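Spelled out from the first residue to the last, the chains are:
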Amino acid sequence: MGVSALLALGLIGRATAHRLDEYLQATLIGVTRDGIDIEIQLTPGVAVLPVLMAMVDQDRDGRISSEEERAYAERVAREVELRVDGVPAPLSMIESSFPTLEAMREGLGTIRMKLRTARSGHELRFENRHLPQISVYLVNCLAAPSLVVGRQQRDEMQKSIEFEYSFPVSRAAWSAIEPFWPAAIGIPLVARMVLLIYRATALRRP
């Protein structure tokens, strides 16, 4: 939990200190046994806000409607890719939220999106291809007590990350199956001994 908090604080700190002519896209990846969660935080600098508004504000009324918010979030989701064990993993939009225009005009507004896939495996690759001309990127994997992550490889811009991961048997799970191990080992041994005795008896018969 401490490592996860530090990673999150690092992304937040970078988001609050980003340059005014950049579109900061920070991604946190959470891996669990039953799926993968992707959280993307997009913070436009004051100088790039007109570029973003031209893309989001489709009816050019100077506001962002809920339909326009949804359309932009879906576009971002289409322009990121997650692969698990080399196979594309479909991402579902869990939720998204937009700041006020006033906050974005001050360079403080952050668009937040949460995506998820139910697929899990042993190797992960994520890539963000959204607006590379004006963007800077950050990407990190969140630590978890039951998760073992191999060496993380990122490209120079941190648009992509890939790593291997695993979930070792927990102490609780081992405690649950430990009483059955003697039986699991003993039954084959007993069967083997019975077979050997039977063969020895058969050989001694006239």
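Everything that follows concerns the structure shown earlier in this document.
Residues numbered from 1 in each chain as written. Predicted model: local features only at pLDDT ≥ 70, side-chain atom pairs only at ≥ 80, totals over all residues. Heavy atoms only, no water.

Student: Can you help me understand the packing of aromatic side chains in this one?
Tutor: Note on aromatic pairs: each is described by the distance of the centres and the angle between the planes. If you walk through the whole model with that rule in mind, you get three aromatic pairs. The structure contains a cluster of three or more aromatic residues connected by ring pairs, namely F163, Y165 and F167. (Phe/Tyr/Trp six-rings, centres within 6.5 Å; stacked < 30°, edge-to-face > 60°.)

Student: It is not clear to me how the pairing of strand β6 (residues 111–117) should be interpreted in this structure. Could you clarify?
Tutor: Burial along β6 is one-sided: the residues I111, M113, L115 and T117 are buried and none of R112, K114 and R116 is. One ladder, built from seven bridges, connects strand β2 (residues 35–44) with β6; its direction is antiparallel. Its bridge partner lying in β6, I36 is registered against T117. (Buried < 20%, exposed > 50% of the residue type's maximum accessible area, 1.4 Å probe, protein only. Helix = DSSP H or I, 4+ residues; strand = E, 2+ residues; numbered from the N terminus. Pairing = 2+ DSSP bridges.)

Student: Would you mind showing me how to read unusual backbone geometry here?
Tutor: Glycine aside, residues mostly have negative phi angles, and peptide bonds mostly take the trans form. Even without being glycine, D85 reaches a positive phi, approximately 55 degrees. Locating D85 in the fold gives a position in the loop between β3 (80–84) and β4 (87–88). Backbone geometry at Q158 places phi at a positive 60 degrees, although glycine is not the residue there. On the secondary structure map, Q158 appears in the loop between β10 (153–154) and β11 (160–166).

Student: Sorry, what's going on with helix α2 (residues 49–56) here?
Tutor: Since there are 3.6 residues in each turn of an α-helix, residues three or four apart along the chain are aligned in direction. By the burial criterion, the buried members of α2 are L49, L52, M53, M55 and V56. Taken down its axis, α2 places every buried residue within 160 degrees of arc, on the same side. Elements that come into contact with the buried residues of α2 comprise β1 (23–32), β2, α3 (66–78), α4 (101–105) and β6. (Arc of directions from axis to C-beta. Contact = heavy atoms within 4.5 Å.)

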